[in-house]
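Single-letter residue listing:
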Amino acid sequence: MAALPDIRQLSKEELQKVVAELGEPSFRAKQIYEWIWQKGATSFDCMTNISKSLREKLNQHFSFYAVKEEIVQKSKDGTIKLGMKLHDGRVIEGVMIPDADRATACVSSQVGCSLSCSFCATGLLKRERNLTAAEIYDQILLLHRHAMNFNQGRGLTNIVYMGMGEPLLNYDNVMRSIEKITGPEGLNFSPKRITVSTSGIARGIIRMADEGYRGNLALSLHAATNEKRSKIMDINRSNNLEMLMQALDYFYQKTGNEITFEYILLDGFNDSLEDAEKLIKLCQSFPVFVNVIEFNSVEGIPFKKTSAEKRTAFVDYLRQNRVRVKIRRSRGKDIDAACGQLANKH
């Protein structure tokens, strides 16, 4: 017997058509849509203002392929990592990072990753498939419930697409998930509190600008020359720094949004003052904020963390040259939840 289609794959217009074909009044489509995208329903049975007969009809034609919380790991610093099972048995990971006044969800966009960045645990996995918009949305709901125990119960304040996978290689589903998260008929979350992080897909950056993306954009840069970047990030061979800078400048001109550069310091590779000088030059084309990230050890990856002294010298040199920069402290290292550590070990 063929599997029933996921109702959350339907657009609002397609849902309206289904409701009409079932002989129901049009306002039912609006109710169902609200249950799915505002209230986070994961079954028809919880739709209490929908008649039982309509719920039975829907159950005959559609299903919910909800993401389920499988494993919860809690770090000593408060960070929570979730292992979440998909309907087909595959597992993804997401992270909730709490602070005094905020709680950030780090969500995945793919099962595994195809980019094989040499400093990243997820890069050791193969890409099995893209996540649907609903599967991304479910991660946010699950992480939000954990966030409610922090920051006076406000729940999530920020969402970053920095988990497993490359968001711009799952462009349509990522953007559809953002539409559901930020839309008034969805969670009504501010787009200014959403960041999409990319390893560098120039065409995707341009498309975001052309299609009116209103959130933040971060580039996983990690090296300021093509020679070095290509050594650690294969994607640079097809999307080199010249292409990326042009795409980012276009994005800035269209949106007015400052770009974030993510830069992991790797001992003896990209952490010299000469490397900092080259990074400064990349920061002069448009407004840039630099997140300097400490490398987190991963089994099977040969890189080492830069010393505190070299990190301080690197950051101070950027500041002396009027680059806005922050050291991003890793959270959740003891549960392999920090940057570059998501590897589905369980």
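Since the structure is predicted, the reported quantities are computational estimates derived from the model, not experimental observations.

Comments concerning the overall build of the protein chain
And step 1. A count of helices and strands for the protein chain gives ten helices and twelve strands.
And step 2. Scaling as 2.2 N^0.38, a compact globule of 346 residues should have a C-alpha radius of gyration of about 20 Å, and the protein chain matches this with 21 Å.
And step 3. Taking the principal axes of the C-alpha coordinates as reference, the protein chain spans close to 70 × 40 × 40 Å.
And step 4. When the 346 residues of the protein chain are sorted by exposure, 55% land in the buried category.
And step 5. Sequence-distant contacts, at least 24 apart, represent 66% of the contacts inside the protein chain between residues at least 6 apart.
And step 6. Surface accessibility of the protein chain: about 15,700 Å² in total, with carbon and sulfur atoms responsible for 48%.

A few points about the pattern of salt bridges
And step 1. The final tally for this structure, using the stated rule, is 23 salt bridges.
And step 2. Across the pair Arg 90 and Asp 88 runs a salt bridge, and its minimum N-O distance is 2.7 Å.
And step 3. Beyond isolated ion pairs, a larger network of salt bridges with shared partners links Asp 88, Arg 90, Glu 128, Arg 129 and Glu 135.

Quick look at the nonpolar core
And step 1. Counting residues in hydrophobic clusters, the biggest one holds 105 residues, and the most contacted among them are Phe 261 and Val 290.
And step 2. The dominant element in this core, judged by the number of residues it contributes, is helix 4 (residues 133–147), at eight residues.

Some remarks on the pairing of strand 4 (residues 103–106)
And step 1. Neither face of strand 4 is left uncovered, since the one carrying Ala 103 and Ala 105 and the one carrying Thr 104 and Cys 106 both have all their residues buried.
And step 2. Between strand 3 (residues 91–98) and strand 4, which pair antiparallel one after the other, the connecting turn spans four residues.
And step 3. Of the pairings in the sheet, the one linking strand 4 to strand 7 (residues 158–161) comprises three bridges and is parallel in character. Within strand 7, the position partnered with Cys 106 by the bridge is Val 160.

Considering the environment of Leu 265
And step 1. One can find Leu 265 in strand 10 (residues 259–265).
And step 2. Between the alpha carbons of Leu 265 and Asn 216 there is a distance of 23 Å; along the sequence they are 49 residues apart.
And step 3. Setting aside residues up to four positions removed in sequence, Leu 265 forms contacts with Asn 270, Asp 271, Val 292, Ile 293, Phe 295, Lys 304, Thr 306, Arg 311 and Phe 314.

Digging into the sheet that holds strand 1 (residues 68–74)
And step 1. Pairing is mixed across the open sheet formed by ten strands, whose spatial order is 1-2-3-4-7-8-9-10-11-12. Each edge of the sheet is formed by a strand with only one pairing partner; in this case those strands are strand 1 and strand 12 (324–328). Each strand axis lies, on average, 25° off the axis of its neighbour in the sheet, ignoring direction.

Quick notes on the packing of helix 5 (residues 171–182) against helix 6 (residues 202–210)
And step 1. The contact between helix 5 and helix 6 brings their axes to 12 Å, and the two run at 35°. As helix 5 packs across helix 6, the resulting crossing turns out to be right-handed. Of the residues in helix 6, those touching helix 5 at Tyr 171, Asp 172 and Met 175 are Gly 204, Arg 207 and Met 208.
And step 2. Looking at the contact of helix 5 with helix 6 residue by residue, the classes come out as three nonpolar, one polar and two charged.

Some words on the packing of helix 4 against helix 5
And step 1. In contact at an axis separation of 8 Å, helix 4 and helix 5 are set at 50° when each is read in the N-to-C sense. As summarised for this structure, helix 4 and helix 5 are arranged oblique, according to the angle between their axes. Two packed elements cross with a definite hand, and for helix 4 against helix 5 that hand is right-handed. Contact residues: Ala 133, Ile 136, Tyr 137 and Ile 140 in helix 4; Asn 173, Val 174, Arg 176, Ser 177, Lys 180 and Ile 181 in helix 5.

Concerning the packing of aromatic side chains
And step 1. Counted by the stated rule, this structure contains seven aromatic pairs.
And step 2. Between Phe 295 and Phe 303 the ring centres are 6.4 Å apart and the planes differ by 75°, which places this aromatic pair in the edge-to-face class. Comparing Phe 295 with Phe 303 shows no difference in burial state: the two are buried.
And step 3. Connected via pairs of aromatic rings, a cluster forms that spans Phe 269, Phe 295 and Phe 303.
And step 4. One Lys or Arg, Lys 12, reaches over the ring of Tyr 33 and ends 5.8 Å from the middle of that ring.
And step 5. The ring of Trp 35 has Lys 39 sitting right over it, with the charged end atom 4.1 Å from the ring centre.

As for the side chain of Ser 108
And step 1. Within the element layout of this structure, Ser 108 appears in the loop between strand 4 and strand 5 (110–111).
And step 2. Judged by its relative accessible area of 0%, Ser 108 falls in the buried class.
And step 3. Of note is the side chain of Ser 108, whose polar atom sits 2.6 Å from the backbone oxygen of Glu 93.
And step 4. Apart from the residues within four sequence positions on either side, Ser 108 is in contact with Glu 93, Leu 131, Ile 136, Gln 139, Gly 163 and Met 164.

Focus: a positive patch on the surface
And step 1. The grouping of Arg 102, Arg 154, Arg 193 and Lys 326 at the surface amounts to a positive patch.
And step 2. Topologically, Lys 326 is positioned in strand 12.

Things to note about helix 1 (residues 12–21)
And step 1. Here helix 1 has its buried residues at Leu 15, Val 18 and Val 19. Taken down its axis, helix 1 places every buried residue within 100° of arc, on the same side. Opposite the buried face of helix 1, at more than 90 degrees from it, the exposed residues are Glu 13, Lys 17, Ala 20 and Glu 21.
And step 2. As for helix 1, its buried residues are in contact with helix 2 (27–37).
And step 3. A positive phi of about 75° marks Gly 23, the residue just after helix 1.

What counts and what doesn't
- Residues numbered from 1 in each chain as written.
- Predicted model: local features only at pLDDT ≥ 70, side-chain atom pairs only at ≥ 80, totals over all residues.
- Heavy atoms only, no water.
- Helix = DSSP H or I, 4+ residues; strand = E, 2+ residues; numbered from the N terminus.
- Rg over C-alpha atoms; globule rule 2.2 N^0.38 Å.
- Buried < 20%, exposed > 50% of the residue type's maximum accessible area, 1.4 Å probe, protein only.
- Contact = heavy atoms within 4.5 Å.
- Areas by Shrake-Rupley, 256 points an atom, 1.4 Å probe, with all protein chains shown as cover.
- Salt bridge = Lys/Arg side-chain N within 4 Å of Asp/Glu carboxyl O.
- Core = buried A, V, L, I, M, F, W, Y, C linked by side-chain atoms within 4.5 Å.
- Pairing = 2+ DSSP bridges.
- Axes fitted to C-alpha atoms, helices over the stretch in contact; angles between N-to-C directions.
- Left-handed = near helix turned anticlockwise from the far one by under 90°.
- Nonpolar A, V, L, I, M, F, W, Y, C, P; charged D, E, K, R; others polar.
- Parallel < 35°, antiparallel > 145°, perpendicular 65-115°, else oblique.
- Phe/Tyr/Trp six-rings, centres within 6.5 Å; stacked < 30°, edge-to-face > 60°.
- Lys NZ or Arg CZ within 6 Å of the ring centre and 35° of its normal.
- Polar contact = N/O pair within 3.5 Å; in protein donor to acceptor, adjacent residues only side chain to side chain.
- Patch = residues over 30% accessible without salt bridge, like charges linked within 9 Å, V, L, I, M, F, W, Y side chains within 5 Å.
- Lys, Arg positive; Asp, Glu negative; His and termini not counted.
- Charge placed at Lys NZ, Arg CZ, Asp CG, Glu CD.
- Arc of directions from axis to C-beta.

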